[in-house]
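Residue-level listing of the chains:
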Amino acid sequence: YLKQQIAPYNTVQPASGSSNTIPKPTRPEPIYFFEISPEESKKSHLTLPLLHKELTNEGYIDCSLPDFRKLFYNYDQKKPTVNPTPIIWNTGHYNKLAFLIKCLLKSFLISHKSPSPYESATHLFYDRKEGIFFTPHKNGYDFNLSPKGQEKIKAIVNRSVESHI
């Protein structure tokens, strides 16, 4: 689950000659993160290190465990106030990342409409090959991943999330 925090109004000085300040709404600055379901929050201290290890060992991510943990928020913790450092996604394929998010939504994360976990993923991970953030035509998994790729990601999620149910 990802939440957005809205930046407060900024004030600007009106045209010369006036001493009043006029509030000017600014575009909200979203804070992207994944929210862990209440049921899984109690086990996230076990799940996140396993998920990090599995994704690292399989070559999907390149980051430290503390940086990986910052992508996730337990519903009973203080909400993040800054965006975490983006994580390198090594495969270069958004569909693999989207399928991972889809699997995590089934058993670990909470989903909300705005911003969606898929939208947050495009801000929290970037493509190592291109050195840029993903800009998919469709936020979400579009079923364009081989059965072998699906099974590999499902196995990672099963070993890390469902291993201590």
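In the block above lies the structure referred to throughout.
Cut-offs used in this document
Residues numbered from 1 in each chain as written. Predicted model: local features only at pLDDT ≥ 70, side-chain atom pairs only at ≥ 80, totals over all residues. Heavy atoms only, no water. Helix = DSSP H or I, 4+ residues; strand = E, 2+ residues; numbered from the N terminus. Buried < 20%, exposed > 50% of the residue type's maximum accessible area, 1.4 Å probe, protein only. Contact = heavy atoms within 4.5 Å. Areas by Shrake-Rupley, 256 points an atom, 1.4 Å probe, with all protein chains shown as cover. Axes fitted to C-alpha atoms, helices over the stretch in contact; angles between N-to-C directions. Parallel < 35°, antiparallel > 145°, perpendicular 65-115°, else oblique. Left-handed = near helix turned anticlockwise from the far one by under 90°. Nonpolar A, V, L, I, M, F, W, Y, C, P; charged D, E, K, R; others polar.

**Concerning the overall build of the chain**
Across its full length, the chain carries six helices and eight strands. What you see in the chain, going N to C, is helices and strands ordered as β-β-β-α-α-β-α-β-β-α-α-β-β-α. Per-residue burial over the chain gives 43% buried out of 165 residues. Long-range contacts, defined as pairs at least 24 residues apart, comprise 71% of the intrachain contacts of the chain with a sequence gap of at least 6. Carbon and sulfur atoms make up 52% of the accessible area of the chain, which totals about 9,500 Å².

**Considerations on the packing of helix α4 (residues 94-107) against helix α5 (residues 117-124)**
Where α4 meets α5, the axes come as close as 10 Å, and the angle between the chain directions of the two elements is 130°. Put simply, α4 runs oblique to α5. Considering only the axes of α4 and α5, their crossing is right-handed. Residue-level contacts link Y94, L97, A98, I101, K102 and L105 of α4 to P117, Y118, A121 and T122 of α5. The class makeup of the residues in the contact of α4 with α5 is eight nonpolar, one polar and one charged.

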